[in-house]
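For reference, the chains in residue letters:
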Amino acid sequence: MRIRIVDAFTDRPFSGNPAGVLLLDTEAFPDDTWLQNVALEVNHAETAFAHPLPAGGTADWALRWFTPATEVAMCGHATLATAHVLHTTGAHEGSVRFATLSGVLVATPAEDGSVTLDFPTAPLTRLDIPAGVADALGTEPLTAFDTGPNVGDLLVEVADERTVHSLRPDLKALGTHSERGVIATARAADPSGDYDFVSRCFFPNLGIDEDPVTGSAHTALAPYWSERLGRPGLTGLQASPRSGRVRTELCGERTLLGGRAVTVIEGELLA
């Protein structure tokens, strides 16, 4: 079968977040052990596996995501990558509905090559700043929020954009503070620039020290910053070394995530 590596939330190769994508021609997923082994072999933050569903149902394709260490309930960049492959190869035309562990997620391609994802908005619950987070992160957070079961992160705002860029966290210690990891964010230093907020995402519990660009995290960042900045439509810069931008549109219980993707590698899986 064909396997592709797609850089998501970018329009340039070797930036954004790379994901493995496998379109299966089966009516069900292979054994979980095989799926996990493929994801470990690909060794990117996520590998997406999708197979077509019978016509007339609530979804068009079934979709699952695996890190090198485990399956996850939600992944934005690998969903974007899968939608990009379906669209560019002609395997599916127009909007595609994915059946996932997070319900039915819709991806809609545009004529300019961008894709908009329709994801559930993460419910934010304010927390007292947990003891030890400041030491693990290397800076004192201003606020802390739980992001709910689908995302499973601790969201913290730090002093400013410069602080986000300079973070060098103790990843082992950071992993004790949430199910998946920690999202650190701040308002953009230049409010008149081409992005409104910055973030970095650390997921040591999934075997990912720092995720390059995290779509699912933006389902929590969107409601947080939309309330703070008073606008439903924003752009986030994830300030990892590879970097990438995510357009967000808060629509109540749903959040729209927009971005581009580039197929960088295409090959044949022999195992």
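Refer to the preceding data block for the structure.
Bringing the packing of aromatic side chains into the picture now. Under the definition given, this model contains five aromatic pairs. Look at Trp34 and Phe49: their rings are 6.2 Å apart centre to centre, the planes differ by 55 degrees, and that puts the pair in the tilted class. Here Phe49 lies in strand 3 (residues 46-52) and Trp34 lies in helix 1 (residues 32-42), a separation of 15 residues in the sequence. Arranged with centres 5.8 Å apart and planes meeting at 85 degrees, the rings of Phe49 and Phe66 form a pair that is edge-to-face. Here Phe49, found in strand 3, pairs with Phe66, found in strand 4 (residues 61-66); they are 17 residues apart in sequence, far enough to count as distant. We classify Phe66 as buried; its relative accessible area is 3%. One aromatic cluster is present, built from ring pairs that chain together Phe145, Phe197, Tyr224 and Trp225. Residue placement shows Arg64 over the ring face of Phe29; its charged tip is 5.2 Å from the ring centre. The ring of Phe203 is capped by Arg180, whose NZ or CZ atom sits 4.2 Å from the centre of that ring.

One finds Trp65 and Phe98 to be the most contacted residues of the largest nonpolar core, which totals 46 residues. The element that contributes the greatest number of residues to this core is helix 2 (residues 76-89), accounting for six residues. In this structure, Phe98 is in contact with Ala59, Trp61, Leu63, Thr79, Thr82, Ala83, Leu86, Gly103, Val104, Leu105 and Ala107, ignoring residues within four places of it in sequence. Ranked by size, the runner-up nonpolar core spans 18 residues in total, among them Val133, Ala136, Leu154 and Phe202.

Below, the discussion takes up unusual backbone geometry. In this structure, Asn43 takes a positive phi of about 60 degrees despite not being glycine. By secondary structure assignment, the location of Asn43 is in the loop between helix 1 and strand 3. For Asn43, a relative accessible area of 51% corresponds to the exposed category. Phi at Ser243 takes a positive value of approximately 65 degrees, unusual for a residue other than glycine.

Analysis parameters
Residues numbered from 1 in each chain as written. Predicted model: local features only at pLDDT ≥ 70, side-chain atom pairs only at ≥ 80, totals over all residues. Heavy atoms only, no water. Phe/Tyr/Trp six-rings, centres within 6.5 Å; stacked < 30°, edge-to-face > 60°. Helix = DSSP H or I, 4+ residues; strand = E, 2+ residues; numbered from the N terminus. Buried < 20%, exposed > 50% of the residue type's maximum accessible area, 1.4 Å probe, protein only. Lys NZ or Arg CZ within 6 Å of the ring centre and 35° of its normal. Core = buried A, V, L, I, M, F, W, Y, C linked by side-chain atoms within 4.5 Å. Contact = heavy atoms within 4.5 Å.

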